[in-house]
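# Topology and contacts: notes
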Amino acid sequence: MSFFCFRKKKALDIQCLGLDFKNPIGIREHSFAGRAGFITLSQPEDHILDWIMKVQELRNKTVLAINVTSDLAKTFSLVYDFSDLIIIDPDGDHGIDSPDISDTSVLLDEIVSLRLCYERYTPIAFRLSHGHTPAEMEELVNHCRLSGIDAIVAPGSKKVAHIVEMTQGRLPVIGEAGTEAEALECLQAGACLVETTSGPIGLAKLIKSLSKE
């Protein structure tokens, strides 16, 4: 399935990955929904019932992405019915060494095959590692396009711009940013959405900046 991003009538509303976002700014690892366009939560570890309750509460307020980092196939199946978007992150600890390309490619094929078991279509994004070289990144992006992965999460505006250029904008890119300035740079580079770790205050500043444009 191919997705394109569309700005809606309201200034900050955007339709991307078949989902409606009230703005393109997401917040990671936070229970504050507020004005966030989406929230990215970690996969469940312990206390699964508490996690499910938190997920259900947040999902009623905003688009919910789940970041899957370990025991990937099993966890993918566990979170599928609770997610609006699933992010596959083989390098969940953001280590220096990037995951093996061939292993990652096989894993992505397995994940996409698992999705065929479900009636509801949930988009899947792949999070690039900070350790991937440009050549590795291009190989993985091309594999994602061929295998049916719906989007790429890319750290920083340079990687966002590179992917947008190499795919001619045909594969949605979610920028990963730590500051307000980095988030704006990702959007300017062509990201449809941006995931930040700056918290509610940073989120509010970003939305205010975008509203002025």
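Read on for an overview of the structure. Since we're looking at a predicted model, the values are computed, not measured. (Residues numbered from 1 in each chain as written. Predicted model: local features only at pLDDT ≥ 70, side-chain atom pairs only at ≥ 80, totals over all residues. Heavy atoms only, no water.)

### Structural notes on the overall build of the chain
In plain terms, the rule: To qualify as a helix, a DSSP run of H or I must reach at least 4 residues; to qualify as a strand, a run of E must reach at least 2; elements of each kind are numbered from the N terminus. Here the globule rule reads 2.2 Å times residues to the power 0.38, and the radius of gyration is calculated from C-alpha atoms. Relative accessibility under 20% of the residue-type maximum defines a buried residue, over 50% an exposed one, and the middle range a partly exposed one, all with a 1.4 Å probe and only protein chains included. Here, residues are in contact when the closest pair of their heavy atoms is within 4.5 Å. Each accessible area value is a Shrake-Rupley result obtained with a 1.4 Å probe; residue values ignore everything except the protein chains displayed when judging cover.
The number of helices and strands found in the chain is 7 helices and 11 strands. The C-alpha radius of gyration of the chain comes to 16 Å, within 12% of the 17 Å expected for a compact globule of 213 residues. Expressed as lengths along the three principal axes of its C-alpha atoms, the size of the chain is roughly 45 × 40 × 35 Å. Expressed as a percentage of its 213 residues, the buried residues of the chain come to 48%. Looking at the chain alone, contacts between residues at least 24 apart form 57% of all its contacts between residues at least 6 apart. Surface summary for the chain: the accessible area is close to 10,300 Å², and the carbon and sulfur share equals 53%.

### Quick look at the nonpolar core
Basically, it comes down to this: For our purposes a nonpolar core is just a set of buried Ala, Val, Leu, Ile, Met, Phe, Trp, Tyr and Cys residues, chained together by side-chain atoms within 4.5 Å.
By size, the foremost hydrophobic cluster in this structure holds 50 residues, and its most contacted members are Ile88, Phe126 and Ile152. Dropping the residues within four chain positions of it, Ile152 is found in contact with Phe126, Leu128, Val141, Cys144, Ile163, Leu171, Pro172, Val173 and Ile174. If you look at the next biggest cluster of nonpolar residues, it comprises 17 residues, including Phe21, Val63, Ala65 and Ile174.

### Description of the packing of helix H2 (residues 72-79) against helix H3 (residues 101-115)
Angle between the axes and distance between the axes: these two values describe a pair of packed helices. To be explicit about the condition: Axis definition: a line fitted to C-alpha atoms, over the contacting stretch in the case of helices. Angles run 0 to 180 degrees between N-to-C directions. Throughout this description, any angle smaller than 35 degrees is read as roughly parallel, any larger than 145 degrees as roughly antiparallel, any in the 65 to 115 degree range as roughly perpendicular, and the remainder as oblique. Helix crossings get a hand from a simple test, with the near helix turned counterclockwise from the far one by less than a right angle marking a left-handed crossing and a clockwise turn marking a right-handed one. Charged residues are taken to be Asp, Glu, Lys and Arg, nonpolar residues to be Ala, Val, Leu, Ile, Met, Phe, Trp, Tyr, Cys and Pro, and polar residues to be all remaining types, Gly included.
For the pair H2 and H3, the least separation of the axes is 10 Å and the interaxial angle reads 30°. Taken together, the axes of H2 and H3 lie roughly parallel to each other. As for the relative orientation of H2 and H3, their crossing is right-handed in sense. Along its contact with H2, which presents Leu72, Ala73, Phe76 and Ser77, the element H3 presents Leu107, Glu110, Ile111, Leu114 and Arg115. Each residue belonging to the contact of H2 with H3 can be placed in one class, and the counts come to 6 nonpolar, 1 polar and 2 charged.

### Some thoughts on the packing of aromatic side chains
The cut-off we apply is this: Classification of ring pairs uses Phe, Tyr and Trp, with its six-membered ring standing for Trp, and accepts pairs whose centres are within 6.5 Å; under 30 degrees between planes counts as stacked, over 60 as edge-to-face, and the remaining range as tilted.
Counted by the stated rule, this structure contains 4 aromatic pairs. Seen from their ring centres, Phe21 and Phe38 are 5.9 Å apart, and the 85° between their planes marks the pair as edge-to-face. Pair noted here: Phe21 is in strand E3 (residues 19-21) and Phe38 is in strand E5 (residues 38-42), with a separation of 17 residues, a long-range link. Given the relative accessible area of 2%, Phe21 is considered buried. The interplanar angle of 65° and the centroid separation of 5.4 Å between the aromatic rings of Phe76 and Tyr80 together place this pair among those described as edge-to-face. No difference in accessibility class separates Phe76 from Tyr80, as the two residues are buried. One aromatic cluster is present, formed by Phe76, Tyr80 and Tyr118 through successive ring pairs.

### Some points on the environment of Ile101
Within the secondary structure, Ile101 is located in helix H3. Between the C-alpha atom of Ile101 and that of His132, which follows or precedes it by 31 residues, the distance is 9.3 Å. Not counting the four nearest positions on each side in its chain, Ile101 is found in contact with His132, Glu136, Glu139 and Leu140.

### Topic: helix H5 (residues 157-167)
Every α-helix carries 3.6 residues per turn, so stepping three or four residues along brings you back to the same face. What counts is decided by this rule: Here, the arc refers to the directions that run from the helix axis to the C-beta atoms.
Looking only at H5, the buried set comprises Val160, Ile163 and Thr167. Around the axis of H5, the buried residues are gathered within 70° of arc, so they sit on the same side. Residues of H5 that are exposed and point over 90 degrees away from its buried face: Lys158 and Glu165. Among the residues trailing H5, Gln168 stands out with phi positive, at a value near 55°.

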